[in-house]
Amino acid sequence: MDRFRALLACPACAGQLTADLACRGCGASFDAPDGIPNLRLPGDARTDVVRQFYGRAPFPGYPPRDSLHALRARAARSVFARLLDEAIPGDAQIVDVGCGTGQMCLYLARADRVVVGVDMTRASLLLGAAAGNRFGLDRVLFVETDLQHPGLKAGSFDVVYSAGVLHHTPDPRASFAHLAKLARPGGIIVLGLYNAFARIPSRLRRLAGRLSGFRVIPFDPVLRDRAREPERREAWLRDQYQHPEEHRHTLAEVQEWFTENRVEYLRAYPSAMLGEESEPLFARATDNWRPEGWLAQLGWMWTLGHEGGLFFTVGRRT
């Protein structure tokens, strides 16, 4: 816990925490059941609905008899995950905001990196912490906290990663403002959101699901692959098709968020430049022509739509 304490803060006043999780500023005290610090303040009603939603079916979950080798092999099948791992320095301080059951945290926990995974659903964090213990990873800490009042020290992280989270908050724009403050000056922010165009196929599948009472959801490869893993299949079905809070966004919208919060836009993944070859994930794109970006996003309906329509925007805090 000591190597992580400098990265944590009181969620009430942002004050420094002692070794026993007492705030030196306001005097509030917190605990750490099962080794997971509880730095979450009570949230609003809509946020609490989402927290309870994931408490019933933690996402994405782990396959039976999982191993570190198997987890890394699964992650390495994703081009994006490989590019992210290659781009992050071996001594980086990383936070995964809305980490769920912590797969990305455990995948990135290599070399001398320090990884903090935060989520507001303890049931998800317990699965991530248990997997980290099984895999013998001691440079990952899971923390229960809420992005609206994060128990994290502002300006402390080299990489702030958040995938599939902000579009489930009541106000994604305001949530991003909280997220951006966690990155140090010069730090990288990697933000994954549902794209307004790429999400259209999922919305059509959701309509078919509703008409059938969710007994039939056509053309979903993830549900098909998880046919023999009922818990993970249920987690995907609920997350993709039954979520109580969902928003969808365009690249131009996210770029506006970046500008408002002094974050320099670097690139999108997949690329918003038609025909661009694979480039380092943290490298600045050679062009940012908005009409080309709109055309690229239309194409994402085919390239991203089969698995939910998640796209990433990468920026550097100035």
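The sections below set out a description of the structure shown in this document. It should be emphasised that the depicted structure is a prediction, and the values quoted were computed from it without experimental measurement. (Residues numbered from 1 in each chain as written. Predicted model: local features only at pLDDT ≥ 70, side-chain atom pairs only at ≥ 80, totals over all residues. Heavy atoms only, no water.)

## Observations concerning the sheet that holds strand β4 (residues 157-163)
Paired through backbone hydrogen bonds, the strands of a sheet run either parallel or antiparallel to each other. Pairing is mixed across the open sheet formed by seven strands, whose spatial order is β3-β2-β1-β4-β5-β7-β6. Edge positions in the sheet fall to β3 (140-144) and β6 (263-269), since each of these pairs with one other strand and no more. Neighbouring strand axes in the sheet, compared pairwise and without regard to direction, differ in orientation by 20° on average. Pairing between strand β1 (residues 93-97) and β4: three bridges, direction parallel. Each residue of the ladder has a partner; that of V95, found in β4, is V160. (Pairing = 2+ DSSP bridges. Helix = DSSP H or I, 4+ residues; strand = E, 2+ residues; numbered from the N terminus. Axes fitted to C-alpha atoms, helices over the stretch in contact; angles between N-to-C directions.)

## Structural notes on the pairing of β1
The buried count for β1 comes to four of five residues, which makes it a mostly enclosed element. For the segment spanning β1, helix α5 (residues 103-108) and strand β2 (residues 114-119), crossover handedness is right-handed. (Buried < 20%, exposed > 50% of the residue type's maximum accessible area, 1.4 Å probe, protein only. Right-handed = clockwise from strand over helix to strand, strands pointing away.)

## Remarks on the packing of helix α7 (residues 172-180) against helix α11 (residues 251-260)
Relative to each other, α7 and α11 sit at 45°, their axes nearing to 10 Å. As far as their axial angle goes, α11 and α7 are oblique. Our pair here, α7 against α11, has a crossing hand that is right-handed. Contacts from P172, R173 and F176 of α7 reach α11 at E256, W257, F258 and E260. Here the residues of the contact of α7 with α11 are counted per class, giving four nonpolar, no polar and three charged. (Parallel < 35°, antiparallel > 145°, perpendicular 65-115°, else oblique. Left-handed = near helix turned anticlockwise from the far one by under 90°. Contact = heavy atoms within 4.5 Å. Nonpolar A, V, L, I, M, F, W, Y, C, P; charged D, E, K, R; others polar.)

## Remarks on the nonpolar core
Membership of the largest hydrophobic core comes to 43 residues, with the highest contact counts inside it found for V116, V160, F176 and L191. One finds M104, L137, L266 and F312 within the second-largest nonpolar core, a separate group that totals 37 residues. (Core = buried A, V, L, I, M, F, W, Y, C linked by side-chain atoms within 4.5 Å.)

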